[in-house]
Amino acid sequence: MHSPLSLFLIRFSFFFIFFILLFSNQTQQTTLISPVSKDKHTNLFTLSVYLKTPLRPTKLFLDLSFLFPWLDCDGNYNSSSFHQVPCDATFCDSLGFGALSCANCTDFTPSPNPNCVHIPTEMVCGAFPENPITKDVNSQTVLVDTLALPNANVSSQEQLVSFSNYTFSCAHTTLLKRLPKGVTGLASLGRSKVSIQAQISSTFSTPNCLAICFPGLPKSTGVAFFGSRGPYYAFPRSGKIDLAKFLIYTPLIENPIGSGDTVITYVNKPSNEYFIGLTSIRVNGNKQVPINSSLLTINKENGFGGTKISSHVPYTLLESSIHKAFTELFVKEASSSSFNLTIISNPVKPFSVCYSAERVTVTNGGPVVPTVDLVLDRDDVVWKIDGANSMVRVVNKKKELDLWCLGFVDGGVNNKTSIVIGGKQLEENLVQFDLESNRFGFSSSLASRSLSCADFKIVDFVNAST
């Protein structure tokens, strides 16, 4: 027969285990995933989600910088669950859309709006959606509707988790110019409080953390993880593996001056973009590129300088003096006996350094060329870029061109940011943006570990439904 103390301990143990299992289950249920694809025509990335009621597969342009998500609402916006936000200037601005914009609900799409029938002069919140590629701007309404994503912690990706307070801006169809084919809006994944990951975090009380594995080929599919610092399980032939263990971390840096990031100027707002503290660039192991160090720090008065990560430039942009020093050193190292490469006299724009493909050795890790090391906050925190991420294949059968070109482009002298790390350098990398811990995690090339983003075995449900 049990003593009162032993009975208490048994009951306590039972409830403790029950609580742990319940808490674990709740935590698992709020790690959401989304397929990530690469568009072959623009070299930009897309994110797939479910929107509206009933839910519809929707492809959005993946953007790491803009203030808020937006969606094309022209034509018949067919959803039974959407509503607009009644206007209070202070409240509308506090939503995070960054502008004191209000107007009669009848002035905005979607139309017809049942909310406007009874009070056609009702004032609703508005916003200024932008296309970060063309820099075009609209004036449109803020909407609230349903968004759903697959649960990362179940065997079937068909089990969806939805929330009905997804807040975004409408936009006109004209804003889709030069974006990937098939997209109907923009997925804002920057530092804003109305980014998709921030909205998921506030809805499900999960970490404001986003991880993305960017695919390197249009026929491959990567993944975005929302609300989780890991594990991030991939399933290569060798067996299940947590790729979070490969991440190296460096601090995220806030640029206090957001002016110049967007066409519309939002006064006294910090940048929504992701900056990291790059301190030097090395080529071929230990050869350091001579750089004016002032270009690598952010000027707190005007926000100029520094290094940011961008998904809307296909190749890394380097300020002109950095680009000149970098390419000269790369060409010198590539011409050494280890590589024996000679540049061609007429490189293909936008590149300035190209080699004949027949002279370049290619392995599973990509072209065999000098490595590029981005040295971050400490000498031992290094983002390694091998040939797969530094070189771009250029083939033109009509012109009988077959080249490998260095995928780092001259960004000029007047850009706000000195170094913009672009899409080519993100391919087949797992990266993590953790705004609560204020740090950036990166894996360097997964190919160097005989892995790829396709090993997550994610199915793009938008492509599958078309």
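Just above, that's the structure.
Computed from a predicted structure; not experimentally measured. (Residues numbered from 1 in each chain as written. Predicted model: local features only at pLDDT ≥ 70, side-chain atom pairs only at ≥ 80, totals over all residues. Heavy atoms only, no water.)

A few words now on the pattern of salt bridges. Going through the model one piece at a time under the given rule, you end up with 14 salt bridges. Here Arg229 ties to Asp434 by a salt bridge, and the two come within 2.5 Å at their closest N and O atoms. With Arg229 in the loop between strand 12 (222-226) and strand 13 (233-234) and Asp434 in strand 30 (residues 430-434), this residue pair connects regions lying 205 residues apart in the sequence. A salt bridge links Asp373 to Arg282, with the shortest nitrogen-to-oxygen separation between them at 4.0 Å. Of this pair, Asp373 sits in strand 24 (residues 372-375) while Arg282 is found in strand 17 (residues 280-283), placing the two residues 91 residues apart along the sequence. Residue classification places Asp373 among the buried residues on the basis of a relative accessible area of 2%. Here the residues in one salt-bridge network are Lys38, Lys424 and Glu427, joined through shared partners. (Salt bridge = Lys/Arg side-chain N within 4 Å of Asp/Glu carboxyl O. Helix = DSSP H or I, 4+ residues; strand = E, 2+ residues; numbered from the N terminus. Buried < 20%, exposed > 50% of the residue type's maximum accessible area, 1.4 Å probe, protein only.)

Over the atoms a probe the size of a water molecule is rolled, and this reveals where empty space is left. Per the stated rule, a full pass over the model turns up one cavity of 30 Å³ or more. Size it by volume and the largest cavity reaches roughly 70 Å³. Lining the largest cavity we find Leu278, Ile281, Thr316, Leu318, Phe326, Val372, Leu374, Ile385, Phe408, Ile419, Ile421 and Gln425. Elements with a minimum of two residues in the lining of the largest cavity: strand 20 (316-318), strand 24 and strand 29 (419-421). Looking at the lining of the largest cavity, its residues break down into 10 nonpolar, two polar and no charged. (1 Å grid on protein atoms, 1.4 Å probe; cavity = no way out; pocket = protein on both sides within 12 Å on 5 of 7 lines; lining within 4 Å. Points joined across faces, edges and corners; volume = space filled by probe spheres on them. Nonpolar A, V, L, I, M, F, W, Y, C, P; charged D, E, K, R; others polar.)

On to the sheet that holds strand 27 (residues 401-406). In spatial order, the strands read 21-27-26; together these three strands make up an open sheet with antiparallel pairing. Single-partner strands in this sheet number two, and they are strand 21 (354-356) and strand 26 (391-396). Across the sheet, the mean angle from the axis of one strand to that of its neighbour is 30°, orientation sign disregarded. Note: strand 26 against strand 27, six bridges, orientation antiparallel. Bridge pairing in strand 27 links Val395 to Asp402. (Pairing = 2+ DSSP bridges. Axes fitted to C-alpha atoms, helices over the stretch in contact; angles between N-to-C directions.)

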